[in-house]
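Next come the chains, spelled out residue by residue.
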Protein chains: 2
Amino acid sequence: MNKVITISRQFGSGGRTIGKLTAEKLGIPCYDNELIEEVAKSCGFAKEYIEAHGEYADHRTWLGRAIKSANRFEGMSNQDKIWIEQRKLILKIAESPCVIVGRCADYILREREDILKVFIHADDKFRAERIVNLYGEKPDKPEKRLKDKDRRRAAYYKDYTETEWGVASNYHLALDSGKLGIENCVEILVNIYNK
Amino acid sequence: MNKVITISRQFGSGGRTIGKLTAEKLGIPCYDNELIEEVAKSCGFAKEYIEAHGEYADHRTWLGRAIKSANRFEGMSNQDKIWIEQRKLILKIAESPCVIVGRCADYILREREDILKVFIHADDKFRAERIVNLYGEKPDKPEKRLKDKDRRRAAYYKDYTETEWGVASNYHLALDSGKLGIENCVEILVNIYNK
């Protein structure tokens, strides 16, 4: 019996939308921005700061990494503090049925048997069109925005979980939302959850 | 509209069984050992030789790799010859609806839009029990047999496709047969194929 669905997703793949729609159909809550707001309340950082540091590694040069590494000896970074708060919150909300989008929830809940771990991805063309529709044009080309966000999500994931992001065997289910369609992905998840 | 399902699979995950059952339900052929027999006929190698070299990289030491690499200058290796025959055959059978298990069919058919690319995996415990039930005990422990076969399949895939095996974004659908169950995987594939 599944209780919690965790959704990891490539930027622009519609993973968040799939999470929201699946949760609606199942009549359970979906946590995404709600998580950010709760973490903001409990650790005092601004929402925007958590959004930027709660699942993305910083842009890092070789020197930046060395400084970060050196800083660790002096205590926790802000990112570490956010990680700890997010982790506590995820463990708490996962006591009841829900969908959780991003934030390494799959890793945080890895010991539990009642978790359905999902990865959503799509090809660059589908995602580039989608982010321009959703978030508009930006100075950087959409392909560059995709690459940058995915790289930083993968680096954040690796930093905190020591596991590779996007490797099929780390998830129970990985779906190409471009090929299968968002509605179809929702239907697949609803059916599996209810089995 | 999908025409061909390609199934890549971790050793012992039940990918072959899922392919056979899905094909049966869809009323289309499934090619696995049949492919080996056809390749044997057309290029003259023994069936057992093709089975061992048609989707597994050789056990290789550093020296072995250097010799293989040097041999390439003198023409094709036997493995290259089998690859070429397999590729021709896969292109031919994929003109009609079918399921193809293994043998880099996903890569060989990558330009086509009517292909559903699937990856089947499961955790070590599920697979170890399954291979002992199916193939019996062997001198090597089941965990070692899994690791060895997967490593050689991944190396073969990388050799011929220059792409990583088992990365979620290379497939339209990746399923954990241990978590979801073999029957359920078949049902998911049949539903998607028919959409």
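Quick caveat: nothing in here was measured; it's all calculated off a predicted structure. Along every chain, residues carry numbers that run from 1 in the direction the sequence is written. Whichever chain is written first becomes A and whichever ligand is written first becomes 1, with later ones labelled in order. Residues qualify for local features only when their pLDDT is at least 70, as the model is predicted, and side-chain atom pairs are given and counted only at 80 or more; totals for whole chains, interfaces and linings, by contrast, use all residues. To get the side-chain values, all heavy atoms of the structure are used, and hydrogens and water are removed first.

Enquirer: What am I meant to see in the interface of chain A and chain B here?
Expert: Buried accessible area, meaning the area lost when the parts come together, often serves as the stated size of an interface. Two residues qualify as a contact provided that any one of their heavy atoms is within 4.5 Å of a heavy atom in the partner residue. In this complex, chain A contributes 24 residues to the contact, which on the side of chain B involves 24 residues. Counting each side, the surface lost to burial between chain A and chain B is near 1800 Å², with a carbon and sulfur contribution of 57%. Put simply, buried area is the surface a 1.4 Å probe can reach on two separate parts but cannot reach once they are joined, added for both. Considering only the side of chain A, the residues that lose the most area to chain B are A168, H172 and K179 of chain A, jointly responsible for 29% of the buried surface there. Note on definitions: salt bridges are taken to be side-chain nitrogens of Lys or Arg within 4 Å of carboxyl oxygens of Asp or Glu. Put simply, chain A and chain B have two salt bridges between them. Between K195 of chain B and E187 of chain A there is a salt bridge, and its shortest N-O distance comes to 3.1 Å. Under this definition, polar contacts are N or O atom pairs within 3.5 Å; protein pairs additionally need one hydrogen-donor-capable and one acceptor-capable atom, and for neighbouring residues in sequence, both atoms have to be side-chain atoms. On the surface where chain A and chain B come into contact, there are 15 residue pairs in polar contact (both at pLDDT 80 or more). Secondary structure counts use DSSP, requiring at least four H or I residues in a row for a helix and at least two E residues in a row for a strand, with both numbered from the N terminus. When residues of the side of chain A that touches chain B are traced back to their parent elements, those giving at least two are strand 4 (115–121), strand 5 (173–176), helix 9 (177–180) and helix 10 (182–194) of chain A.

Enquirer: Looking at this structure, how should I read the sheet that holds strand 2 (residues 30–31) of chain A?
Expert: Strand pairing within a sheet occurs via backbone hydrogen bonds; the two strands may be parallel or antiparallel. At least two DSSP bridges between two strands are needed for those strands to be called paired. The 10 strands lie next to each other as 2(A)-3(A)-1(A)-4(A)-5(A)-5(B)-4(B)-1(B)-3(B)-2(B), forming an open sheet whose pairing is mixed. The two strands at the open ends of the sheet, each matched to only one other strand, are strand 2 of chain A together with strand 2 (30–31) of chain B. Where strand 4 (residues 115–121) of chain B and strand 5 (residues 173–176) of chain B come together, four bridges link them in parallel fashion. Paired with H121 of chain B across the bridge in strand 5 of chain B is D176 of chain B.

Enquirer: Which parts of the structure should I look at to understand the packing of helix 2 (residues 33–43) of chain B against helix 5 (residues 78–93) of chain B?
Expert: In a pair of packed helices, the angle between the axes and the distance between the axes together describe the arrangement. Residue and element names in this part refer to chain B. The axes are straight lines fitted to the C-alpha atoms, using for helices just the contacting stretch, and the angles between their N-to-C directions are given from 0 to 180°. At a minimum axis separation of 10 Å, helix 2 and helix 5 run at an interaxial angle of 120°. Our classification of the angle between helix 2 and helix 5 gives oblique. Helix 5 is crossed by helix 2, and the crossing has right-handed handedness. In this structure, helix 2 contributes L35, E38, V39, S42 and C43 to the contact, and helix 5 contributes I82, E85, Q86, L89, I90 and I93. Angles below 35 degrees are treated as roughly parallel, those above 145 as roughly antiparallel, those between 65 and 115 as roughly perpendicular, and all remaining angles as oblique. It is the rotation of the near helix from the far one that decides the hand of a crossing: anticlockwise by less than a right angle makes it left-handed, clockwise makes it right-handed.

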